[in-house]
Amino acid sequence: MKKLFLMVFAFVCFFVFNIKIQAQTWSTSTYMGAALNRSHEIKKSGESVDIARNSYIKAFSDAFIPSLTFSALNTPYSVYNTPKLDINKNNTTVNTALRLNLFNSFKDKKAVNISSVSRDISEVNLLLKKQQIALYSLGRYYDVLRKKKLLEVVKASKRSYEEQYEKVKHYYENGMKSLSDLLKSDLNYRNSQLREIGALKNYKTSMMSFNIPLYISPGSKVNISDIDTRYEKKLPDMKADIKYALENRPEMRVAKLALKKSLLEKSKAGLSALPDFSVYANWDKAGFGGIGRAASGVTDPTYSINASLSIAIGPETVSDRNNLIASKIKLNENSRYIELLEFEIEKEIISEYLSLETALKTHEVSKMKAEISKQNLKIVNQKYSEGQSGMIELVQAQDDDLNSQSEFANSFYDLLLSRARYDKAMGKQLW
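So, here's what we can say about the structure.

1. Topic: the overall build of the protein
Tallying secondary structure elements over the protein gives nine helices and six strands in all. Here the C-alpha radius of gyration of the protein, 37 Å, is well above what a compact globule of 431 residues would show, namely 22 Å. By its C-alpha atoms, the protein is 130 × 65 × 35 Å across when sized along the principal axes. Considering the protein as a whole, with its 431 residues, one finds that 36% of them fall into the buried category. In the protein, of all internal contacts separated by at least 6 residues, the share reaching a separation of at least 24 is 82%. Carbon and sulfur atoms form 58% of the exposed surface of the protein, whose accessible area is close to 26,300 Å². Computed over 63 positive and 48 negative side-chain charges, the separation of the two mean positions in the protein equals 6 Å.

As structure tokens, then:
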């Protein structure tokens with residue numbers, strides 16, 4: 001019964017969540033936020049951060065926190081007992097021990113530092129994963145708006161073809177146009193219907209892709225807010241952005257942390273290859289209350305500071321040497337990788353800058369083309385109605401207008417996405 005109740009409760013929660021998530025109107029910020037919260041990749045990276053943080057806490061406690069051990073032992077049955085089965089508190093031994101590592105050639109300190117850097121790397125990797133998911137989410141969001149706009153363009157074009165067909169049909173019935181004009185106009189209208197069917201399919205497909213990152217039903221319809229059609233016409237300062245990226249890109253931060261970790265690991269490997277000198281503090285006390293107390297005349301508690309020196313000769317020496325060589329090689333690899341990464345980041349920013357520049361110019365030209373084609377279609381329509389132009393010229397004007405309006409819609413969302421890719425390339429947070 002309890003299991004059934006939990007299953008019903010979980011179903012209701014899931015159902016309510018989906019109703020709520022479908023009812024709201026999405027913006028770019030709320031959609032990215034929801035996608036980040038629902039992403040399994042983000043959750044996996046977050047779990048890696050938790051593991052790294054716990055590893056750091058463990059390394060820190062191993063190095064600086066004393067170990068306290070409380071033990072109790074009772075022997076109710078033994079060959080030495082009289083009688084052999086003797087349940088008596090006098091057969092109980094209780095001991096409290098405190099151990100503190102005062103010094104071990106800085107090996108524990110190095111381990112703490114390495115764990116700290118590993119924790120930092122995992123946190124930056126989480127940011128990097130969020131950047132990737134955020135850019136992907138923006139692409140899904142813009143794609144829905146793009147397909148919606150293209151559907152509107154196709155529908156407007158279909159209305160134009162339909163109106164033209166009705167006019168030509170009227171002219172034909174009154175002997176003012178030929179059968180060829182009527183058939184051509186009818187054919188153009190049917191083609192516009194096919195384009196609308198295809199555009200509607202593309203729009204629904206983009207909506208399905210929009211829903212998938214949120215883990216809601218792909219067929220669910222959601223409301224999406226349009227975005228401000230104003231855009232930044234001024235190109236960014238590429239040189240300043242390259243400098244910013246080399247300092248702030250998550251990949252560069254990870255690479256620098258990895259280099260720092262390699263330095264620490266090389267240092268730790270070098271210490272391991274040397275003789276091991278350690279100093280420990282010990283404190284022991286027998287008994288707890290009236291149970292298991294030390295015998296009369298026995299020193300209790302006992303305490304000491306022990307210093308030890310050990311030198312490994314044989315296979316351990318070879319192993320330590322191999323670890324030291326491997327750490328040096330890893331250090332060199334990470335140093336070279338940073339140098340290569342700097343070139344890759346600079347190359348990526350230049351490439352995205354050129355893409356942004358092209359997208360900006362393309363949008364400006366597409367905007368002019370859309371205005372020109374719209375005016376031209378209006379003029380040709382009037383001329384055709386007056387018998388001053390033929391069907392071929394009209395069809396060409398209609399096709400030009402459809403293509404220009406579609407190019408204009410595509411160029412706007414290409415520009416927005418290009419800007420987002422540029423921001424990601426320079427290391428700017430997208431969400």
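That covers the picture; the talk isn't over yet.
2. What to know about a nonpolar patch on the surface
A contiguous nonpolar surface patch, about 480 Å² in accessible area, is contributed by Phe277, Leu309, Ile311 and Ile313. Checked against the element boundaries, Leu309 lands in strand E6 (residues 302-310). Judged by its relative accessible area of 60%, Leu309 is exposed.

3. A short note on the nonpolar core
The biggest cluster of nonpolar side chains holds 46 residues, and the ones touching the most others in it are Tyr141 and Phe210. Of all the secondary-structure elements, those providing two or more residues to this core are helix H2 (28-38), helix H4 (107-173), helix H5 (179-211), helix H6 (238-248), helix H7 (250-272), helix H8 (315-385) and helix H9 (391-425). Among the elements that take part in this core, H4 stands out by supplying nine residues, more than any other. Ignoring sequence-local partners within four residues, the contact set of Phe210 consists of Trp26, Tyr31, Arg140, Tyr141, Val144, Val222 and Ile224. Tyr165, Tyr189, Val395 and Ala397 belong to the second-largest nonpolar core, a separate cluster that totals twelve residues.

4. Description of the packing of aromatic side chains
Scanning the model with the defined rule gives 13 aromatic pairs in all. Between Phe70 and Phe288 the ring centres are 5.6 Å apart and the planes differ by 80°, which places this aromatic pair in the edge-to-face class. In this pair, Phe70 is assigned in strand E2 (residues 67-74) and Phe288 in the loop between strand E5 (276-286) and E6, connecting sequence segments 218 residues apart. Joined through ring pairs, the aromatic side chains of Trp26, Tyr31, Tyr141 and Phe210 make up one cluster. Here Lys177 stacks its cationic end above the ring of Tyr384, 3.9 Å away from the centre of that ring.

5. A closer look at the side chain of Ser122
With respect to the helices and strands, Ser122 occurs in helix H4. If near-sequence neighbours (up to four positions away) are discounted, Ser122 is found in contact with Ser48, Val49 and Ala52.

6. Focus: H2
Among the residues making up H2, those that are buried are Tyr31, Met32, Ala34, Ala35 and Leu36. As for H2, its buried residues are in contact with strand E1 (25-26), helix H3 (40-64), H4 and H5.

7. Looking at H3
Think of an α-helix as 3.6 residues a turn; residues three or four steps apart then line up on the same face. With 25 residues, H3 extends 36 Å from end C-alpha to end C-alpha; this agrees with the ideal 36 Å at 1.5 Å per step. Within H3, the full set of buried residues consists of Ile42, Ser45, Val49, Ala52, Ala59 and Ala63. As for H3, its buried residues are in contact with H2, strand E3 (92-103) and H4. Where H3 begins, one side-chain oxygen reaches toward the backbone nitrogen of Glu41, 3.3 Å away; that side chain belongs to Ser39.

8. Topic: the pattern of salt bridges
A full pass over the atoms with the stated rule returns 20 salt bridges. A salt bridge links Lys58 to Asp62, with the nearest nitrogen and oxygen atoms 2.9 Å apart. One end of the pair, Lys58, and the other, Asp62, are both in helix H3, four residues apart, so they sit about a helical turn from each other. The exposed category is assigned to Lys58, whose relative accessible area is 52%. Assessed through its relative accessible area of 45%, Asp62 is described here as partly exposed. We note a salt bridge from Lys147 to Asp143, for which the minimum N-O separation is 3.3 Å. A residue pair is termed a helical-turn pair when its members lie 3 or 4 positions apart in one helix, as Lys147 and Asp143 do in helix H4 at four residues. Owing to a relative accessible area of 15%, Asp143 belongs among the buried residues under this scheme. Several salt bridges converge on common partners, so that one network encompasses Arg140, Asp143 and Lys147.

9. Points about the environment of Asn81
Tracing the backbone through its elements, the reader meets Asn81 in the loop between E2 and E3. In this structure, the C-alpha to C-alpha distance between Asn81 and Asn188, residues 107 residues apart in sequence, is 108 Å. Dropping the residues within four chain positions of it, Asn81 is found in contact with Thr75, Pro76, Asp86 and Asn91.

Rules used in this analysis
Residues numbered from 1 in each chain as written. Predicted model: local features only at pLDDT ≥ 70, side-chain atom pairs only at ≥ 80, totals over all residues. Heavy atoms only, no water. Helix = DSSP H or I, 4+ residues; strand = E, 2+ residues; numbered from the N terminus. Rg over C-alpha atoms; globule rule 2.2 N^0.38 Å. Buried < 20%, exposed > 50% of the residue type's maximum accessible area, 1.4 Å probe, protein only. Contact = heavy atoms within 4.5 Å. Areas by Shrake-Rupley, 256 points an atom, 1.4 Å probe, with all protein chains shown as cover. Lys, Arg positive; Asp, Glu negative; His and termini not counted. Charge placed at Lys NZ, Arg CZ, Asp CG, Glu CD. Patch = residues over 30% accessible without salt bridge, like charges linked within 9 Å, V, L, I, M, F, W, Y side chains within 5 Å. Salt bridge = Lys/Arg side-chain N within 4 Å of Asp/Glu carboxyl O. Core = buried A, V, L, I, M, F, W, Y, C linked by side-chain atoms within 4.5 Å. Phe/Tyr/Trp six-rings, centres within 6.5 Å; stacked < 30°, edge-to-face > 60°. Lys NZ or Arg CZ within 6 Å of the ring centre and 35° of its normal. Expected span 1.5 Å × (residues − 1). Polar contact = N/O pair within 3.5 Å; in protein donor to acceptor, adjacent residues only side chain to side chain.

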